[in-house]
Every structure is written in structure tokens, then in C-alpha cells.
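# Architecture and fold: a report
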Amino acid sequence: MNAESEDVAIELALSGIEKFQKIESSMNDYFFERGRLIHMILLGMVGRFNVVCLGDVGLAKTMIAEAWYRSVNNAGFFIKLMNKNLPYDELFGPVDVQEYLNGVYTRKIEGFLPTSHYVILDEGFKANEIQITPTLRCINEHKFTNGTTEVDVPLRSLLVASNEKPATSALQAFWSRMLGRVEVHPVSDNSSFVGMLKRDGGLPDYGSVGLTVEEVDAVSDMADKSCAVADTWQAG
């Protein structure tokens with residue numbers, strides 16, 4: 001990377017950090033007693049790792065993740081409520097009928113999991129092995145086989161929200177890929193409860209902050225370089 005490119009990368013990263021801080025502060029004001037979850041999702045976005053959030057229904061687990069992921073203006077976002085009978089098509093796109101009639105088996109994946117930067121699988125541990133296997137490949141290898149074509153998956157972070165822990169070996173493998181793990185509890189402070197009742201219940205929109213995929217990636221790259229420098233320093 002030349003000096004000019006490095007300056008652009010630093011400028012993007014600093015802009016991204018400022019916007020991350022602004023969004024996180026606003027979210028902590030809006031969502032009561034959810035600071036740990038809010039920060040973990042932020043870390044997953046920057047660190048490019050996956051997050052599992054455990055807790056009862058109605059604790060804003062999915063809502064907080066959706067607010068974070070939708071705040072990145074030009075990012076592909078996908079959310080799905082999982083169950084063991086969910087058709088494969090609803091995760092990875094329907095079969096392209098026109099191509100099929102021409103003898104080519106392929107899927108229309110645009111807007112589905114394989115083309116998304118950020119993914120939420122609500123009740124993700126209700127999935128079956130047929131759903132989990134290609135999802136694991138998207139997570140591990142960032143690849144999806146569409147017919148005879150290998151597609152690059154732009155996934156940055158995936159969040160599973162659930163009120164139960166994984167019960168099968170396939171789901172245990174899925175669980176093992178979730179480096180960020182947060183347990184969420186009901187609000188405990190009376191003032192938090194009263195404040196929550198005054199909310200309109202709508203999903204807050206942080207898109208106006210202007211955070212972009214390029215800025216998030218620049219922050220991630222800066223964090224990687226900082227860790228590398230720290231490791232080198234300690235090794236020396």
C-alpha cells in the first residue's frame with residue numbers, strides 16, 4: 001500500500017470509528033440495560049466474528065442486531081426466523097426456473113444469505129442439518145456453491161438469537177463458530193422498565209449517521225494491524 005492509499009485508509013477508519021461511537025452511544029440511550037450486547041455486536045462487526053445471543057423472547061436481542069446491521073448504509077443485510085421445516089430456498093434463494101428449463105441448475109441468490117454482509121438467524125438453533133451445512137461453509141470459507149459456480153460470500157458477521165442452546169451435533173458445530181456469546185436478561189431497574197414503556201416499540205434508524213461498508217472494513221483492517229504490532233512487540 002502506497003502512502004496515498006494508506007492515508008485514505010486511515011481517514012476511512014477514523015471516520016468509521018467516530019460513527020461507530022455515535023451509533024453505540026445512541027443505542028445505549030435507547031435500549032435500556034443492553035450495553036454488553038450492543039458492544040459485543042459492534043466488536044463482531046469490527047472483528048469479523050459471529051455472535052450468539054441467548055435469552056428469553058421479548059428482550060430486544062434481534063432488534064438490537066438489526067439496528068446495528070441496518071446502520072451500515074450500503075451493506076447487504078439478511079434476516080430469517082428459523083425452524084426445522086424452513087425451505088432451503090428461503091435462505092439461499094429460489095431455483096432460477098428459466099435457467100433450469102435451459103438445463104442449468106442455479107439459484108437466484110441476490111438478497112439472500114450468500115450475498116449478504118450481515119446476517120441474523122432468529123431462533124437459529126431450531127435449524128436442521130440441511131440448512132446448517134451450507135451456512136457453515138459461508139461462515140468458514142466465505143464460499144457458496146451455486147450450481148456449478150463457486151460464489152464469494154461477503155459475510156462480515158452473523159448473529160444467532162435464541163432462547164435455547166444447541167441440541168444436535170450439527171448445531172454444536174454451528175455454536176462453536178460463534179466467538180461472541182452474550183446472555184441477555186430482563187431489565188432489572190424500575191426506571192429502565194418505565195423508560196422502556198415510553199418507547200414506541202419501533203426499530204430505531206441509524207442510517208443517517210452514514211456508516212459504510214468501506215469504513216467498517218477500514219476499521220477492521222486498522223484493528224488487525226494494531227493487533228499484529230502488539231504481537232510483534234510482545235514477541236520481541
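Throughout this document, residue positions are counted from 1 along each chain, in the order its sequence is written. In keeping with the predicted nature of the model, local features appear solely for residues at pLDDT of at least 70, side-chain atom pairs appear and are counted solely at 80 or more, and the whole-chain, interface and lining totals rest on all residues. Values shown for side chains rest on all heavy atoms present in the structure; no hydrogens or waters enter the calculation.

### Structural notes on the sheet that holds strand 1 (residues 51-54)
Put simply, the rule reads: Should DSSP find at least two bridges between two strands, the strands are regarded as paired. Where helices and strands are cited, they refer to DSSP runs of H or I of at least four residues and of E of at least two residues respectively, numbered from the N terminus. Only C-alpha atoms enter the line fits that serve as axes; for helices the fit covers just the stretch in contact. Angles between N-to-C directions range over 0 to 180 degrees. For this analysis, residues touch if any pair of their heavy atoms sits within 4.5 Å.
Taking strand neighbours across the sheet as the criterion, the 5 strands line up as 2-3-6-1-7 in an open arrangement whose pairing is parallel. Every other strand in the sheet has two partners, leaving strand 2 (77-81) and strand 7 (180-183) as the edge strands with one partner each. Taken over all neighbouring pairs, the strand axes of this sheet differ in orientation by 10° on average, direction set aside. Along the sheet face, helix 2 (residues 35-47) touches strand 1, strand 3 (118-122), strand 6 (157-162) and strand 7 and points at about 165° away from the line of strand 7.

### Remarks on the packing of helix 2 against helix 3 (residues 61-70)
Defined as follows: For classification, angles of less than 35 degrees are called roughly parallel, those exceeding 145 degrees roughly antiparallel, those between 65 and 115 degrees roughly perpendicular, and all remaining angles oblique. For a crossing to be left-handed, the near helix must be turned anticlockwise from the far one by less than a right angle; the clockwise case is right-handed. Note that Gly is not counted as nonpolar here; it falls among the polar residues with everything else outside the nonpolar set of Ala, Val, Leu, Ile, Met, Phe, Trp, Tyr, Cys and Pro and the charged set of Asp, Glu, Lys and Arg.
Between helix 2 and helix 3, the shortest axis-to-axis distance is 10 Å and the interhelical angle comes to 40°. By the criterion of interaxial angle, the relationship of helix 2 to helix 3 is oblique. Considering the relative orientation of helix 2 and helix 3, their crossing is right-handed. In this structure, helix 2 uses Leu37, Ile38, Ile41, Leu42 and Met45 to contact helix 3, whose residues at the interface are Lys61, Ile64, Ala65, Trp68 and Tyr69. Considering only residue class, the contact of helix 2 with helix 3 consists of 9 nonpolar, no polar and 1 charged.

### Things to note about the pairing of strand 5 (residues 149-152)
Two strands pair when backbone bridges link them, and strand 4 (residues 143-146) and strand 5 are joined in this way by 4 bridges, in the antiparallel orientation. The residue of strand 5 that forms the bridge with Lys143 is Asp152.

### Re a nonpolar patch on the surface
To keep it simple, the criterion reads: Only residues whose relative accessible area exceeds 30% and that form no salt bridge enter a patch; like-charged residues are grouped when within 9 Å of one another, and nonpolar side chains (Val, Leu, Ile, Met, Phe, Trp, Tyr) when within 5 Å. Only the protein chains shown count as cover for residues, and the accessible areas themselves come from Shrake-Rupley with a 1.4 Å probe. Salt bridge, as used here, is a side-chain nitrogen of Lys or Arg placed within 4 Å of a carboxyl oxygen of Asp or Glu.
Residues Val97, Tyr100, Leu101 and Tyr105 make up a contiguous nonpolar surface patch of about 470 Å² in total accessible area. For Leu101, the position within the fold is in helix 5 (residues 97-101).

### So, the packing of aromatic side chains
Operational definition: Pairs were defined over the aromatic rings of Phe, Tyr and Trp, the Trp ring being its six-membered one, requiring ring centres within 6.5 Å. Orientation was assigned from the angle between planes: stacked under 30 degrees, edge-to-face over 60, tilted for the rest. Exposure classes here rest on a 1.4 Å probe applied to the protein chains alone. A residue is buried below 20% of its type maximum, exposed above 50%, and partly exposed in between.
Overall, the coordinates contain 10 aromatic pairs when judged by the stated rule. Judged by centre distance (5.0 Å) and plane angle (15°), the rings of Tyr69 and Tyr118 are stacked. Placement of the pair is Tyr69 in helix 3 and Tyr118 in strand 3, with a sequence separation of 49 residues. Between Phe78 and Phe112 the ring centres are 6.1 Å apart and the planes differ by 45°, which places this aromatic pair in the tilted class. Of this pair, Phe78 sits in strand 2 while Phe112 sits in the loop between helix 5 and strand 3, and the two are 34 residues apart along the sequence. Accessibility expressed as a relative area gives 6% for Phe78, which makes it buried. What makes Phe112 partly exposed here is its relative accessible area of 22%. Here the aromatic cluster, defined as three or more aromatic residues joined through ring pairs, consists of Tyr69, Phe77 and Tyr118.

### Here we look at the confidence of the model for the protein
We apply this condition: On a range of 0 to 100, pLDDT expresses the predictor's confidence in each residue.
Within the protein, residue pLDDT values average 91, and 94% of them lie at 70 or more. For the stretch residues 228-236, pLDDT sits under 50, and the model shows 0 contacts to residues farther than four places along the chain or on other chains.

### Section: the nonpolar core
To keep things clear, this is the line we draw: To form a nonpolar core, buried Ala, Val, Leu, Ile, Met, Phe, Trp, Tyr and Cys residues must be joined to one another through side-chain atoms within 4.5 Å.
Counting residues in each nonpolar core, the largest one holds 38 residues, and the members touching the most others are Phe20, Met27, Ile41, Trp68 and Tyr69. For this core, the elements supplying multiple residues, two or more each, are helix 1 (3-30), helix 2, strand 1, helix 3, strand 3, strand 6 and helix 9 (213-235). By residue number, the principal contributor to this core is helix 2, which donates 7 residues. Setting aside chain neighbours within four positions, we find Tyr69 in contact with Ile41, Met45, Phe77, Tyr118, Val119, Ile120, Ser157, Leu158 and Leu159. Of all hydrophobic cores here, the second largest spans 27 residues; its members include Leu121, Leu136, Leu158 and Val160.

### Regarding the side chain of Gln131
Heads up, the condition is: For the purposes of these results, a polar contact is taken to be a pair of N or O atoms within 3.5 Å, where, inside protein, one atom must be able to donate a hydrogen and its partner to accept one; residues adjacent in sequence count only when each atom of the pair is a side-chain atom.
Along the chain, Gln131 falls in helix 6 (residues 129-140). Within the structure, Gln131 has its side chain in polar contact with the backbone oxygen of Leu86 (distance 2.9 Å). Those residues in contact with Gln131 that lie beyond four places of it in its chain are Met82, Asn83, Lys84, Asn85, Leu86, Leu91 and Phe92.

### Digging into the packing of helix 6 against helix 7 (residues 169-176)
It is the contact of helix 6 with helix 7, at a shortest axis distance of 10 Å, that shows an interaxial angle of 25°. As summarised for this structure, helix 6 and helix 7 are arranged roughly parallel, according to the angle between their axes. For the pair helix 6 and helix 7, the sense of crossing is left-handed. Within the contact between the two elements, helix 6 uses Glu129, Ile132, Thr135, Leu136 and Ile139 and helix 7 uses Ala170, Leu171, Ala173 and Phe174. Here the residues of the contact of helix 6 with helix 7 are counted per class, giving 7 nonpolar, 1 polar and 1 charged.

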